[in-house]
Amino acid sequence: MRATTPRRWRSGTEPATARSDLKLRYLLSLTFTPLFALATAGFALWAALAPDGGVPSRGTLTGFAVACALLTLFAAVDLVVVIRRRRTEL
């Protein structure tokens, strides 16, 4: 195996120095982190106050709260990554 042989061949027409759009990722993460956090709190409160046998059920509302909590975590981690990359690249 030669040292100059790439391990993975590039396909497509993207430039070799392509970078992601950090401004857009920053804006989206900054917008959706608090939005998903509020949705998590709202669904959790709704699930806590829901009557037995109500529609939607407590399980469904709890599932939505967990899903929103995971999305909040994902958006917050992405926000931290974008901030760190913007400090080093810009």
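Please refer to the structure higher up on the page.
Conventions and cut-offs
Residues numbered from 1 in each chain as written. Predicted model: local features only at pLDDT ≥ 70, side-chain atom pairs only at ≥ 80, totals over all residues. Heavy atoms only, no water. Helix = DSSP H or I, 4+ residues; strand = E, 2+ residues; numbered from the N terminus. Buried < 20%, exposed > 50% of the residue type's maximum accessible area, 1.4 Å probe, protein only. Polar contact = N/O pair within 3.5 Å; in protein donor to acceptor, adjacent residues only side chain to side chain. Expected span 1.5 Å × (residues − 1). Contact = heavy atoms within 4.5 Å. Salt bridge = Lys/Arg side-chain N within 4 Å of Asp/Glu carboxyl O. Axes fitted to C-alpha atoms, helices over the stretch in contact; angles between N-to-C directions. Parallel < 35°, antiparallel > 145°, perpendicular 65-115°, else oblique. Left-handed = near helix turned anticlockwise from the far one by under 90°. Nonpolar A, V, L, I, M, F, W, Y, C, P; charged D, E, K, R; others polar.

A. Molecular detail of the side chain of Thr-33. Considering the arrangement of structural elements, one finds Thr-33 in helix α1 (residues 22-49). You can call Thr-33 buried: its relative accessible area is 15%. Within the structure, the side chain of Thr-33 is placed 2.7 Å from the backbone oxygen of Ser-29, a separation counted as a polar contact.

B. Quick look at α1. With 28 residues, α1 extends 40 Å from end C-alpha to end C-alpha; this agrees with the ideal 40 Å at 1.5 Å per step. Among the residues of α1, those classed as buried are Leu-22, Ser-29, Thr-33, Thr-40 and Ala-47. Elements that come into contact with the buried residues of α1 comprise α2 (58-89).

C. Representation of the pattern of salt bridges in the model. Following the criterion strictly, the structure yields two salt bridges and no others. Asp-78 serves as the salt-bridge partner of Arg-25, at 2.4 Å between the closest nitrogen and oxygen. In this pair, Arg-25 is assigned in helix α1 and Asp-78 in helix α2, connecting sequence segments 53 residues apart. Given the relative accessible area of 17%, Asp-78 is considered buried. Across the pair Arg-58 and Asp-52 runs a salt bridge whose closest N-O atoms are separated by 3.6 Å.

D. Structural context of the packing of α1 against α2. In the contact formed by α1 and α2, the axes pass within 7 Å of each other and the chain directions differ by 155°. With respect to each other, α1 and α2 are oriented roughly antiparallel. Between α1 and α2 lies a crossing whose hand is left-handed. Residues of the contact of α1 with α2, tallied by class, amount to 24 nonpolar, five polar and six charged.

E. Spotlight on the side chain of Thr-40. Inspection of the secondary structure assignment puts Thr-40 in helix α1. A polar side-chain atom of Thr-40 sits 2.8 Å from the main-chain carbonyl oxygen of Phe-36.

F. Expanded view of α2. Across its 32 residues, α2 extends 46 Å between first and last C-alpha, which sits within 8% of the 46 Å expected from 1.5 Å per residue. Listed in full, the buried residues belonging to α2 are Leu-61, Ala-65, Cys-68, Thr-72, Ala-75, Asp-78, Leu-79 and Val-82. Where α2 is buried, its residues contact α1.

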